[in-house]
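Below, each chain spelled out in residue letters.
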Amino acid sequence: MGSAVGQGSASARSRDARAKLLRSVVEANGDLQDSLDVAATIESLGWSDQRVDEVFGSPSVFDLAEELYEEYNVSVRNVPLPPRAEVSWFKMFRLVAADFLHGFTFAMPMAVSIGSMVILHISISSFQYFSVAQATVLGIATFLSFVVTGGFSQAMATTYYLLVGLQEAALVERMLFQVMRWGATMAILVAVAILIGDSVFPIFPFSLVTFMVVYMVMLSVLWLAYASLYVLRREYMLTLLTLGAVLIAYVIWREAHSVILAQVIAMAAATVGAVLAWLVIFRRQSRQWQHAGRIVKTRTSQLAYATSTYFFYGILYFIFIFADRLVAWTTATTFLPYSIWFRGQYELGMDWSLASLILPLAATEAFVGYLIRWLMVAQHRALEHRVEDLARAMRSVYLRAVGGFLLVAVVGLILIRFGVSLAHQIPLLRAAVPVTGVEPFVFSWSSFAYVFLALSLFNILVMFGLAHPQPALRSLLLAVAVDVTVGIIATRVFNAYQFAVVGLIAGVACLVVLTTVEILRLLPRIDFMLYRMV
């Protein structure tokens, strides 16, 4: 009997130890995606295969992780619902208005860049006053800078929110600087690879390639510096820095200096200003974290795994944004000096259509916040917690949010079309308005496509808000393939580069359908998704 009692006591101790370990894992990582996530967290807490075998009798950390992940899923399904949540319409309106103002500050740098191009005819990296050859390599440099840094910018934001959520104040600054350093190093490595590649297989003259890599590295560092302020939710400073950089470029250019020198100095000034502002703001915040924060060992490999999906999304997003341009630039309707050639008329139409995104981008955060809050409310209002009632309520909330967002996007489209008509009446702005030739064709169709691109981004942000980024990555990958394929076919069939916009339309249609279907698939599982967010 004594032996049986001893075995029972040992079994109870083992169960208690497992429960304690599971609580520690959930506390260290509240966003457990699978058993690999659990295994990485267990190792970060100092457990080895030998220790796991001694304490729990499991052959390895991975075997124990699979068992604990199953227990975690069971605990999620059996957790009782919290008390019924209510949000007054006045409070909801106040929260949505605050989110809209914050989103508007995020969209303002785009408005400043477009406005400076139209009014001052110069921006941080504008193509005006360049030769077509210079504009070509500048366009390629801009594309490469976004692709090189897009993943690092997304990883920076995700890493920041993960570490702040875990209250690991001591790691935040070090990890963000490390991500910025990796991004800048990658830009330099790409620049070196381009220089070496062009020397072996010449495509452009060496002077043009040098011009391209200098701009690419400068822009890459600038985007990384801007991302550092974005993660601290200081988007209004991005507007101030962009405006200041534009004015610096304009003054230097008006003093009879070259536009290249003006833009390089402006980019350098904006980069230094963003980094200094980030350091001041972050140091101020870190002093508050150090009093209440705790230190938990988090491995770089674990953070890399947690942010990998967001990293690849950042790369694919900018490939998608530039895909139709690259198709247009490589369409040889006439003799071209190089295999890729800048199309100024196409670019002008696209620049104006980008302005139609300003209002929906400003509203995105407000509508995502509205949707998440009302999803939580609907979760508690479902009578008797029946799955059918809950799914129906969630679908109704989502469709209301989509309807409101589309209304805002259409208003933004109408405003930009009215703005183009108005600008055409002003002699100073008439030369920069798409009213003849290729520009109005590209502008009309791309601005229409951007309305639904805004809806796709809304869906993707909802997935991110529910900590479910994998479907967004799959949808975007397929959309890029559709964009490029349809764009190549359309431009070759009609023998006109402006039909690359057809690829954009097809890609956006694919993206909006796929992301909407994914959201509708997620809604029946919203109970579990919302629990994971707590």
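Everything discussed here concerns the structure shown above.
All of these numbers come straight from a predicted model, not from anything done at the bench. (Residues numbered from 1 in each chain as written. Predicted model: local features only at pLDDT ≥ 70, side-chain atom pairs only at ≥ 80, totals over all residues. Heavy atoms only, no water.)

**Some thoughts on the nonpolar core**
Now for step 1: Among the nonpolar cores identified, the biggest contains 122 residues, and Met156, Tyr226, Leu229, Phe320, Tyr346, Leu453 and Phe458 are the most heavily contacted of them.
Now for step 2: Per-element tally for this core: the top contributor is helix H8 (residues 206-231), with 16 residues.
Now for step 3: Once you skip the residues sitting within four places of it in the chain, phenylalanine 320 turns out to touch Leu453, Leu476, Ala479, Val480, Asp483, Gly507, Val508 and Leu511.
Now for step 4: Core analysis: the second largest hydrophobic core is formed by 16 residues, Leu22, Phe56, Leu68 and Tyr72 among them. (Core = buried A, V, L, I, M, F, W, Y, C linked by side-chain atoms within 4.5 Å. Buried < 20%, exposed > 50% of the residue type's maximum accessible area, 1.4 Å probe, protein only. Helix = DSSP H or I, 4+ residues; strand = E, 2+ residues; numbered from the N terminus. Contact = heavy atoms within 4.5 Å.)

**Looking at helix H9 (residues 235-254)**
Quick reminder: α-helices carry 3.6 residues per turn. Residues three or four places apart thus point the same way.
Now for step 1: Spanning 20 residues, H9 covers 29 Å between terminal C-alpha atoms, matching the ideal 28 Å at 1.5 Å per step.
Now for step 2: Among all positions of H9, only Glu235, Met237, Leu238, Thr239, Leu241, Thr242, Ala245, Val246, Ala249, Ile252 and Trp253 are buried. (Expected span 1.5 Å × (residues − 1).)

**Digging into the side chain of aspartate 324**
Now for step 1: Along the chain, aspartate 324 falls in helix H11 (residues 300-329).
Now for step 2: A distance of 2.7 Å separates a polar atom in the side chain of aspartate 324 from a polar atom in the side chain of tyrosine 346.
Now for step 3: Ignoring anything within four residues of it in the chain, the contact list for aspartate 324 reads Tyr346, Met350, Asp483, Ala500 and Leu504. (Polar contact = N/O pair within 3.5 Å; in protein donor to acceptor, adjacent residues only side chain to side chain.)

**Re the packing of aromatic side chains**
Now for step 1: For the structure on display, the rule yields 22 aromatic pairs.
Now for step 2: Measuring from centroid to centroid gives 5.1 Å for phenylalanine 152 and phenylalanine 311, while their planes differ by 85 degrees, and the two rings are edge-to-face. In this pair, phenylalanine 152 is assigned in helix H6 (residues 132-165) and phenylalanine 311 in helix H11, connecting sequence segments 159 residues apart.
Now for step 3: Of the residues examined, phenylalanine 152 reaches a relative accessible area of 9% and is grouped as buried.
Now for step 4: Among the aromatic residues, ring-to-ring pairing joins Phe143, Phe146, Trp223, Tyr226, Tyr310, Tyr313, Tyr317, Phe318, Phe322 and Phe464 into one connected group.
Now for step 5: Taking the ring centre of tryptophan 253 as reference, the NZ or CZ of arginine 254 above it sits at 5.9 Å.
Now for step 6: Just above the ring of phenylalanine 322 sits the side chain of arginine 325; from NZ or CZ to the centre is 5.4 Å. (Phe/Tyr/Trp six-rings, centres within 6.5 Å; stacked < 30°, edge-to-face > 60°. Lys NZ or Arg CZ within 6 Å of the ring centre and 35° of its normal.)

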